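So you can see what is in the structure, the chains are spelled out below.
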Amino acid sequence: MKFSSLLLLLFIPAAGHFAEATGCTLRSHQLTGYRLDGDVMIGGIFPASYTLINEIPSFTESPAFTICNQFYMASLVWAEALAFTIEEINREQLILPNITLGFVIFDTCLSLPRALQGTMWILTGKPISILNYRCQSSAPLAAFVGDAASDPTILIARLLGIYKYPQVSYFASSPLLKNKYEFPSLLRTISSGEAEAVLLYYMKKVRFKSKSGEEMYFDSSGEPPAQYDIVNWQMKPDNTLQHVKVGDFDVRASVGKQLYINNSAVQWNMQRTEVPRSVCSESCGPGYRKAHQEGRPACCIDCIPCAEGEIANGTDSSTCWQCPGDKWPNERRSECVPKRIEYLSYNEPLGSTLTTTTSLSFFTTAAVLCVFIKYRETAIVKANNRELSYLLLGSIALSFLSSLLFIGEPHPTTCRLQHLAFGIIFVLCVSCVLAKTIMVVIAFNATKPDSNMRKWLGPKVPVVTVSVCTLFQVLTCAIWLLLCPPFPEKNMKIKTGTIVLQCNKCSEIALWFMLGYMGLLACASFLVAFVSRNLPDSFNEAKWITFSMIVFLSVWFSFIPGYLSTQGKNMVAVEVFSIIASSAGLLSCIFLPKCYIILLRPELNTRENLLGRGRVKPTKTSIAL
């Protein structure tokens with residue numbers, strides 16, 4: 001092919017005349033172009049020249065004839081590349097065997113009317129546009145290579161859509177091409193009819209390397225690999241525009257390397273290499289949303305921090321987004337992070353301290369029980385109703401252990417057991433104390449002459465008292481467990497940014513009824529012991545029971561405001577502390593004085609001394625029962 005002929009054509013401005021036609025025709029200029037026949041034709045529409053005179057149409061008469069009087073060198077490369085590519089394809093028989101490509105090229109002269117006229121000329125084959133007719137018997141037209149500018153491309157695409165040539169492709173080339181061998185890709189074509197079927201069939205099998213070393217192939221839709229140059233328009237000192245390549249996009253590159261941009265080569269407005277900033281306000285960073293300043297330009301904004309529970313993870317975000325229920329914003333409010341999980345753990349200082357205290361208290365109670373069992377034949381142990389003392393010491397030991405159910409991550413089993421075990425065990429303790437108090441009063445009155453209280457001495461009164469009082473609490477807890485058992489829950493409301501793992505009581509009424517009944521028994525024990533506190537020193541058990549009940553009631557009356565004013569693991573810690581303190585009060589006031597006599601003052605541990613007839617004068621710490 002002789003490129004000189006093409007150059008000569010493009011250098012000579014197109015000329016023509018008006019031609020009147022009858023029927024379904026448009027009045028048009030005589031159009032010229034350049035064509036090369038083939039089995040399948042490709043249309044090309046390029047602005048190879050331009051006019052210095054652009055008249056605004058009046059819409060009352062035919063537009064003036066467009067004279068192309070200036071040559072556009074940049075677009076010549078596109079037309080030359082199309083002709084050269086088709087020539088190379090026809091020369092290489094392995095690409096399209098037995099198929100010859102041809103082309104029709106038209107110069108739009110950077111004029112929208114000429115772009116439409118040229119498109120109709122390529123479609124119909126006549127300089128006079130006959131709508132909806134194709135007046136040439138040459139090879140089928142398979143595709144169009146469109147203009148590089150957006151205005152004519154959109155215009156041509158709308159026209160071709162009417163004739164079933166769907167959405168014209170952009171010409172994939174760069175103005176920086178230095179020679180015809182650097183043309184990166186063949187065409188991006190959208191074909192129709194018979195030409196589409198033939199061309200697409202062969203193009204699916206095409207895979208070769210060009211003379212410049214570029215690999216060429218087409219996918220199942222006949223599309224070549226996407227490859228684009230990223231061009232930056234830069235102003236020269238002489239106020240002329242220069243097109244500078246600053247990057248590229250190549251779908252054939254490996255993942256992560258398909259897009260490349262040389263930021264240092266990009267020149268922004270006013271020849272600056274850094275990205276220009278807003279002329280009014282700085283950008284809003286993550287964690288802030290932008291709000292327009294009323295009455296000022298659109299670039300004037302205020303940066304407002306995201307509300308509690310919301311984030312903004314980008315720059316210049318218009319809105320903030322709410323975090324899901326199990327997550328919470330980080331300190332910068334730029335991303336949602338999992339909420340902190342809180343419960344009274346064995347590993348934290350508070351939990352380990354309570355656990356250690358509970359363990360020591362349990363072993364102390366067990367040691368006291370062992371002392372009472374070992375010295376069970378001594379006077380002081382016999383006088384204090386051995387079986388009732390054993391039961392009370394066992395229930396105190398269990399009450400210490402019940403506090404461990406409140407420590408650690410809540411589970412369905414521990415949630416059901418912790419309050420039920422605590423309520424039943426403590427009622428057992430208090431009912432044992434009440435029984436001991438009643439027995440003190442009966443024992444004192446039984447020593448009087450002609451007293452009928454002697455028949456109540458023995459195990460019947462303690463057994464009935466403990467059984468009836470404890471059975472009522474067991475029934476209360478059983479009903480609670482059957483109707484509305486406690487269960488573990490994740491509380492996300494009581495603490496900001498924290499998920500509190502806790503046991504839901506399910507019924508606050510059942511809880512307070514259980515605590516109220518326990519308090520009622522404690523008050524009854526206190527009143528009975530207080531009334532009998534002035535018994536002779538040899539029968540001073542009532543004094544120690546009075547002290548123990550004062551400690552017990554003081555702890556639980558203090559528990560109520562402390563329990564209601566705390567949340568999360570602190571609420572659990574208050575409950576555990578109350579259990580330990582009240583149990584320790586019972587152990588200390590009732591049993592430690594007896595252990596002192598048994599272990600350190602054995603001379604006082606005699607029947608005579610308890611009855612006041614011994615040689616050793618009793619001290620204030622000696623007891624009779």
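A brief look at the structure comes next. Predicted model only: the values in this text are computed from it and were never measured.

Here we take up the overall build of the protein. Check the secondary structure of the protein and you find 15 helices and 20 strands. When the accessible surface of the protein is totalled, it reaches about 33700 Å², and 60% of it is carbon and sulfur.

Okay, the environment of Val266 next. Secondary-structure assignment places Val266 in the loop between strand 11 (259-261) and strand 12 (288-292). A residue is classified by how much of its surface remains accessible, and Val266, at 12% relative accessible area, is buried. Between the C-alpha atoms of Val266 and Val231, which are 35 residues apart in sequence, the distance is 9.0 Å.

Glancing now at the sheet that holds strand 6 (residues 141-145). The strand order across the open sheet built from four strands is 1-5-2-6, with neighbouring strands paired in mixed fashion. Pairing within the sheet leaves two strands with one partner each, and these edge strands are strand 1 (34-36) and strand 6. Taking the axes of each pair of neighbouring strands and ignoring which way they run, one obtains an average angle of 15° across the sheet. Bridge count between strand 2 (residues 40-46) and strand 5 (residues 101-107): seven bridges; the pairing is parallel. Paired with Ile42 across the strands is Phe103, a residue of strand 5.

This paragraph deals with the sheet that holds strand 9 (residues 227-235). Backbone-to-backbone hydrogen bonds join strands into a sheet, with any given pair of strands oriented parallel or antiparallel. With respect to topology, three strands assemble into an open sheet ordered 9-10-11, the strand pairing being antiparallel. Both edges of this open sheet fall to strand 9 and strand 11, since each of them pairs with a single strand only. Taken over all neighbouring pairs, the strand axes of this sheet differ in orientation by 30° on average, direction set aside.

Let us now look at the packing of aromatic side chains. This structure, assessed with the given rule, holds 17 aromatic pairs. An angle of 80° between the planes, with centres 6.2 Å apart, marks the rings of Trp512 and Tyr563 as edge-to-face. Here Trp512, found in helix 11 (residues 508-531), pairs with Tyr563, found in helix 12 (residues 541-564); they are 51 residues apart in sequence, far enough to count as distant. Trp512 sits in the partly exposed class, given a relative accessible area of 30%.

It is worth spelling out unusual backbone geometry at this point. A positive phi angle is found at Arg333, which is not glycine, with a value near 55°. Take Arg333: it is sitting in the loop between strand 16 (327-329) and strand 17 (336-338). Of note, Cys506 is a non-glycine position whose phi angle comes to about 70°, a positive value. Along the polypeptide, Cys506 turns up in the loop between strand 20 (498-504) and helix 11. Classification of Cys506 by relative accessible area gives partly exposed; the value is 32%.

The next subject is the pairing of strand 5. Taking burial as the measure, the seven residues of strand 5 include seven buried ones, the bulk of the element. Of the pairings in the sheet, the one linking strand 1 to strand 5 comprises three bridges and is antiparallel in character. From the neighbouring strand, Tyr34 faces strand 5, where its bridge partner is Ile105.

The next thing to look at is the state of the cysteines. Tallied over the entire structure, the rule returns five disulfides. The thiol sulfur of Cys432 is not disulfide-bonded, and the nearest other cysteine sulfur, from Cys429, lies at 6.7 Å. Look at Cys432 and you get buried, because its relative accessible area is 0%.

Consecutive residues of a regular strand have side chains that alternate between opposite faces of the sheet. Buried residues dominate strand 20, accounting for six of its seven residues. As paired strands, strand 18 (residues 340-342) and strand 20 are joined by three bridges and run parallel to one another. Residue pairing across strands places Ile341 opposite Ile499, the latter belonging to strand 20. Inspection of the sheet shows strand 19 (residues 487-491) paired to strand 20 by five bridges, in the antiparallel sense. Following the sheet pairing, Glu489 is matched in strand 20 by Gln502. Hairpin connection of strand 19 to strand 20: six residues between the antiparallel strands, including Gly497 at a positive phi of 70°.

Moving on: the pattern of salt bridges. For the structure shown, the criterion picks out eleven salt bridges. Glu342 is paired through a salt bridge with Lys495; the nearest N and O atoms lie 3.0 Å apart. Here Glu342, found in strand 18, pairs with Lys495, found in the loop between strand 19 and strand 20; they are 153 residues apart in sequence, far enough to count as distant. Exposure remark for Glu342: the relative accessible area of 3% places this residue in the buried category. Residue class for Lys495 comes out partly exposed when judged on its relative accessible area of 22%. Residue Arg601 is joined to Glu603 by a salt bridge in which the shortest nitrogen-to-oxygen separation is 2.5 Å. Connected through shared salt-bridge partners, Glu87, Glu88 and Arg91 make up one network.

What counts, and where the lines are drawn
- Residues numbered from 1 in each chain as written.
- Predicted model: local features only at pLDDT ≥ 70, side-chain atom pairs only at ≥ 80, totals over all residues.
- Heavy atoms only, no water.
- Helix = DSSP H or I, 4+ residues; strand = E, 2+ residues; numbered from the N terminus.
- Areas by Shrake-Rupley, 256 points an atom, 1.4 Å probe, with all protein chains shown as cover.
- Buried < 20%, exposed > 50% of the residue type's maximum accessible area, 1.4 Å probe, protein only.
- Pairing = 2+ DSSP bridges.
- Axes fitted to C-alpha atoms, helices over the stretch in contact; angles between N-to-C directions.
- Phe/Tyr/Trp six-rings, centres within 6.5 Å; stacked < 30°, edge-to-face > 60°.
- Disulfide = S-S within 2.5 Å.
- Salt bridge = Lys/Arg side-chain N within 4 Å of Asp/Glu carboxyl O.

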